[in-house]
Amino acid sequence: MNICVIGCGAIGTTIARAVEPMQDIATIYLTDRSKECATRLQEKIPKVKYVPDILPILNDVKLVVEAASQDAARYYAPLALSAGVDILIMSIGVFQDEEFQRDAFKLAKRKSAKIFLPSGAIGGIDALSAASLEEISEVTLTTTKPPSAFGPNAYLESKGIKASEVRERTELFAGSAREAVRHFPQNINVAATISLAGIGFEKTMIRIVCDPQVQTNEHHLKAKGKFGELDVVTRNVPSPRNPKTSYLAALSAISAIRKITGHVWVGV
Ligand SMILES: NC(=O)c1ccc[n+]([C@@H]2O[C@H](COP(=O)([O-])OP(=O)(O)OC[C@H]3O[C@@H](n4cnc5c(N)ncnc54)[C@H](O)[C@@H]3O)[C@@H](O)[C@H]2O)c1
């Protein structure tokens, strides 16, 4: 089978390298708005074939993997789903847009295509998803990252905060997951993932903390409900290619691709 990867950044590159030895996958079509980056990867990885446009190859692929940006998810998800092709989306924050979420979920159903949302940079999504079948009274997430994990950010600028100048542990944001994803689109995909797995974007509460003393991207997920209590801390090593992205996020995408293309799913 063939797959198509959108994005040749930290996650897309790690995926392409991991998929190269998988015998079930023949070709990795790759697109990126940076042709240079995509053709460079094509030169290094034999199975990679750069395509400037995915439309001509859509009926030749089993799975599209979005590893680029919310804009890319917004553009490519309807294309893949309309063609009846499954899509794995890493830029999960895009689903805080209620209209996009409704349309994408409807389209997937109408075309019998699937949308896969990997657990990404956080542990505990499997338990939260099962727990949400019963009443959940609260879900909170505290995300703590070093200053290097925060790039230019309009919300922080409006508050007069420069993450690069933060010298002590500082709370940057507290509020709903919907607001968190809106203000930190590149940093807080996990807030979207737990919202979708649990009690939604309004009721899920998020704190974002910048701490110059930490070297990891830490996610502390807590939930309470009829099932009992969940308390999970994930301390992620940042990706060497992009400090905003945790290495575990790329690994979770690879693990998801293995499940989708394989025959045994553990921890479904
Ligand atoms: N789900 C999670 O837990 C999780 C964790 C980390 C990152 N992410 C998200 O995954 C995505 C990829 O992360 P990354 O670290 O690999 O990013 P990156 O910045 O290293 O690479 C992104 C690549 O995508 C390309 N790109 C961006 N928008 C595009 C578009 N519209 N069309 C074509 N190409 C486009 C860029 O040119 C770049 O090469 C980001 O949206 C990030 O927020 C999700």
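Note that the structure is a prediction, hence the values are computed from the model and not measured.

(A) Seen up close, the overall build of the chain. Summing up its helical and strand segments, the chain has ten helices and eleven strands in all. Scaling as 2.2 N^0.38, a compact globule of 268 residues should have a C-alpha radius of gyration of about 18 Å, and the chain matches this with 18 Å. Taking the principal axes of its C-alpha atoms as reference, the chain extends roughly 50 × 45 × 30 Å. Counting across all 268 residues of the chain, residues that qualify as buried make up 50%. Across the chain, the fraction of contacts at a sequence separation of at least 24, relative to all contacts at a separation of at least 6, is 68%. When the accessible surface of the chain is totalled, it reaches about 13200 Å², and 49% of it is carbon and sulfur. Separation between the mean location of the 32 positive side-chain charges and that of the 28 negative ones in the chain comes to 3 Å.

(B) Quick look at the site of the ligand. If you check the shell around the ligand, you find 22 residues, and the closest are Ile11, Asp32, Ser69, Ser91 and Thr245. Separating a nitrogen atom of the ligand from a backbone N or O atom of Met90 is a distance of 3.0 Å. Asn189 has a polar side-chain atom sitting 2.8 Å from an oxygen atom of the ligand. Burial of the ligand by the protein amounts to 84% of the accessible area it has alone, namely 860 Å². Counting only elements with at least two residues in the shell around the ligand, the list comes to helix H1 (10-19) and helix H8 (189-197). Both domain 1 (3-120 + 249-261) and domain 2 (125-240) contribute no fewer than three residues apiece to the shell around the ligand.

(C) Region of the structure containing the domain arrangement of the chain. Taken domain by domain, the chain comprises domain 1 (3-120 + 249-261) and domain 2 (125-240). For domain 1 versus domain 2, the separation of C-alpha centres amounts to 24 Å. The partner domain 2 presents eleven residues to the 13 residues of domain 1 that form the contact. Overall, the association of domain 1 and domain 2 removes approximately 960 Å² of surface from exposure, summing both partners, and the carbon and sulfur fraction of that is 59%. In terms of surface lost to domain 2, no three residues of domain 1 exceed Ile92, Gln96 and Ser119, which account for 48% of the buried area on that side. Taken together, the links from domain 1 to domain 2 amount to one salt bridge. Between Glu98 and Arg178 there is a salt bridge, with its nearest N and O atoms 3.8 Å apart.

(D) How the structure looks around the pairing of strand E2 (residues 28-31). Covered by surrounding structure in E2 are Ile28 and Leu30 together with Tyr29 and Thr31, the residues of both alternating faces. Note: strand E1 (residues 3-6) against E2, four bridges, orientation parallel. Residue pairing across strands places Ile3 opposite Ile28, the latter belonging to E2. As paired elements, E2 and strand E3 (residues 48-50) share three bridges and run parallel to each other. Looking at E3, one finds that Ile28 is bridged to Val48. What joins E2 to E3 is helix H2 (residues 35-44), and the crossover it makes is right-handed.

(E) Representation of H8 within the structure. Of all nine residues making up H8, seven are buried, and the element is well covered by its neighbours. Within the span of H8, buried status applies to Val190, Ala191, Ala192, Thr193, Ile194, Ser195 and Ala197. Elements that come into contact with the buried residues of H8 comprise helix H5 (125-131), strand E7 (136-145), helix H7 (177-183), helix H9 (200-203), strand E9 (205-210) and strand E10 (217-225).

(F) Local environment of the sheet that holds E2. Pairing is parallel across the open sheet formed by six strands, whose spatial order is E3-E2-E1-E4-E5-E6. Across the chains shown, the open sheet's two edge strands, defined by having one partner strand only, are E3 and strand E6 (115-116). When E1 meets strand E4 (residues 63-66), the two strands line up parallel, connected through four bridges. Counterpart to Ile6 in the pairing with E4 is Glu66. Across the face of the sheet, H1 comes into contact with E1, E2, E3 and E4 while running at roughly 155 degrees to E1. Along the sheet face, H2 touches E2 and E3 and points at about 150 degrees away from the line of E3.

Parameters at a glance
- Residues numbered from 1 in each chain as written.
- Predicted model: local features only at pLDDT ≥ 70, side-chain atom pairs only at ≥ 80, totals over all residues.
- Heavy atoms only, no water.
- Helix = DSSP H or I, 4+ residues; strand = E, 2+ residues; numbered from the N terminus.
- Rg over C-alpha atoms; globule rule 2.2 N^0.38 Å.
- Buried < 20%, exposed > 50% of the residue type's maximum accessible area, 1.4 Å probe, protein only.
- Contact = heavy atoms within 4.5 Å.
- Areas by Shrake-Rupley, 256 points an atom, 1.4 Å probe, with all protein chains shown as cover.
- Lys, Arg positive; Asp, Glu negative; His and termini not counted.
- Charge placed at Lys NZ, Arg CZ, Asp CG, Glu CD.
- Near = heavy atom within 4 Å.
- Polar contact = N/O pair within 3.5 Å; in protein donor to acceptor, adjacent residues only side chain to side chain.
- Domains from an automatic or database assignment.
- Buried area = accessible area lost by both parts, 1.4 Å probe.
- Salt bridge = Lys/Arg side-chain N within 4 Å of Asp/Glu carboxyl O.
- Pairing = 2+ DSSP bridges.
- Right-handed = clockwise from strand over helix to strand, strands pointing away.
- Axes fitted to C-alpha atoms, helices over the stretch in contact; angles between N-to-C directions.

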